[in-house]
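For reference, the chains in residue letters:
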Amino acid sequence: MRAIWKGAVSFGLVSIGVKLYSATEEKDIRFHQVHREDGGRIRYKRTCQVCGEEVTYDDIAKGYDIGGGEMVILTDEDFAELPLSSSRAIDVLEFVPAEQVDPILYNKAYFLEPEGTAAKPYVLLRNALADSERVAIVKVALRQREQLATLRVHEGVLLLNTMLWPDEIRKPDFGFLDEDLKVRPPELAMASSLIDSMAGEFDADAFTDDYRAALQEVIDAKVEGREVVQPEEVEEAPAAAVDLMAALKASVERAKAARGEAPAGGGGEPTPISAARSAQKKAAEKKAAPKKTAEKKAAPKKTAAKKAAPKKAAEGEKKPAAKKAAPKKAARKTA
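Residues numbered from 1 in each chain as written. Predicted model: local features only at pLDDT ≥ 70, side-chain atom pairs only at ≥ 80, totals over all residues. Heavy atoms only, no water.

Mind showing me how you'd approach the packing of aromatic side chains here?
Remark: the centre distance and the inter-plane angle together describe each pair of aromatic rings, the angle taken between the planes. Tallying each qualifying case throughout the model produces three aromatic pairs. For the ring pair F11 and F95, a centre distance of 6.0 Å and an interplane angle of 85 degrees mean the geometry is edge-to-face. One end of the pair, F11, is in strand β1 (residues 5-11); the other, F95, is in strand β5 (residues 89-97), with 84 residues separating them in the sequence. Using a relative accessible area of 33% as the deciding quantity, one classes F95 as partly exposed. Measuring from centroid to centroid gives 6.4 Å for F174 and F176, while their planes differ by 20 degrees, and the two rings are stacked. By relative accessible area, which is 49% here, F174 ends up partly exposed. Take F176: its relative accessible area is 48%, and that puts it in the partly exposed class. Lying over the aromatic face of Y57, R46 brings its terminal NZ or CZ to 4.1 Å of the ring centre. (Phe/Tyr/Trp six-rings, centres within 6.5 Å; stacked < 30°, edge-to-face > 60°. Helix = DSSP H or I, 4+ residues; strand = E, 2+ residues; numbered from the N terminus. Buried < 20%, exposed > 50% of the residue type's maximum accessible area, 1.4 Å probe, protein only. Lys NZ or Arg CZ within 6 Å of the ring centre and 35° of its normal.)

Right, here's the structure in full:
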């Protein structure tokens, strides 16, 4: 790597000499503009709009358009006279919790390497910053522009993240924000279930740029003069869902199937809605259970009553016989 900036981290009264390196690089495949007929490179000439002459880099200055066709020209001397206290220093302003910095503010990342004899104070700042669980808010001037940045530890190295200024962040102004859109609790529960079914631990190495790989394959095939193998067709995105609830439910089942889990109805982990329905069903069964038990307990009494019925019938047969014997006794007394 090649250092793009040299300066010092100003930490209180401590000054730590450092070199700045770009921490990231784009892996995009770059192309040149060429003539379709013969493959010749297309060149652009820098010409003056007023005189029509070609202009070299040494004769190019910066101009600010003030409107009405008028232009204010600024030279390198004008920029050199600007007061940039952080032109060769990274001034630490304060230390704040990392979660208080909105990620939308982050712009570019740079590694800091200690220079010369600055290794010990560099390591001291690195360890103290790691122990504090905070990030340093700093100011630094890069390419003649003062920038706000954070300083934190990444894999044992101090990492500088330049930031956008607050007035460079656009405010979202969309019509739907003023609409009174209601989300039903079952829909929210199903959406939460979908999030849970797709939850995981982030591993950047698990993701690849499939488009870049396919494009590189096309280039390699043309270089080697072989037939280009068409990549597999990507599954088309589904059309806009008409039934939001059905789409969410289908998404949950699809996510679980991708993880090798059983669907909600097949003994897998229930969704919030299916769990609620199951709980209601169990509660209804518990309420109905005492009635069935009472009926079972009452059944023996009815059986006992039926068994007692023949005895009563037998007693009834004996009583009429006794009544018939009474007239005979009366007849004897008369005689």
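What is the right way to read unusual backbone geometry from this model?
Even without being a glycine, E133 presents a positive backbone phi close to 55 degrees. Note that E133 resides in the loop between α2 (119-132) and β7 (134-142). The class for E133 is exposed, based on a relative accessible area of 68%.

What should I look at first to understand the sheet that holds strand β8 (residues 145-154) in this one?
The strands that make up a sheet pair up through hydrogen bonds in the backbone, lying either parallel or antiparallel. In spatial order, the strands read β1-β2-β6-β9-β8-β7-β5; together these seven strands close into a barrel with mixed pairing. Across the sheet, the mean angle separating the axes of adjacent strands is 40 degrees when strand polarity is ignored. With six bridges joining them, β5 and β7 adopt antiparallel strand pairing. The residue of β7 that forms the bridge with V96 is V135. (Pairing = 2+ DSSP bridges. Axes fitted to C-alpha atoms, helices over the stretch in contact; angles between N-to-C directions.)

Which parts of the structure should I look at to understand the pairing of strand β9 (residues 157-163)?
Within a regular strand, the side chains alternate between the two sheet faces. In terms of burial, β9 is a largely internal element, six of the seven residues being buried. Bridge count between strand β6 (residues 106-114) and β9: five bridges; the pairing is antiparallel. For F111, the partnering residue across the bridge sits in β9 and is L159. Pairing analysis gives seven bridges linking β8 to β9, with the strands arranged antiparallel. From the neighbouring strand, R152 faces β9, where its bridge partner is L159.

Got a minute to help me understand the nonpolar core in this structure?
The nonpolar side chains of soluble globular proteins are, as a tendency, buried together. Among the nonpolar cores identified, the biggest contains 21 residues, and V9, V18, I90, L112, V138, L151 and L160 are the most heavily contacted of them. Looking at this core, the elements with two or more residues in it are β1, β2 (14-22), β5, β6, α2, β7, β8 and β9. Here the element with the most residues in this core is β7; it accounts for four residues. Aside from chain neighbours lying at most four places away, what touches V18 is W5, K6, G7, A8, V9, I90, L112, E113, P114, E115 and Y122. Membership of the second largest hydrophobic core comes to seven residues, among which are V101, L105, V135 and M163. (Core = buried A, V, L, I, M, F, W, Y, C linked by side-chain atoms within 4.5 Å. Contact = heavy atoms within 4.5 Å.)

Don't take any of this as a statement about function, it's just geometry.
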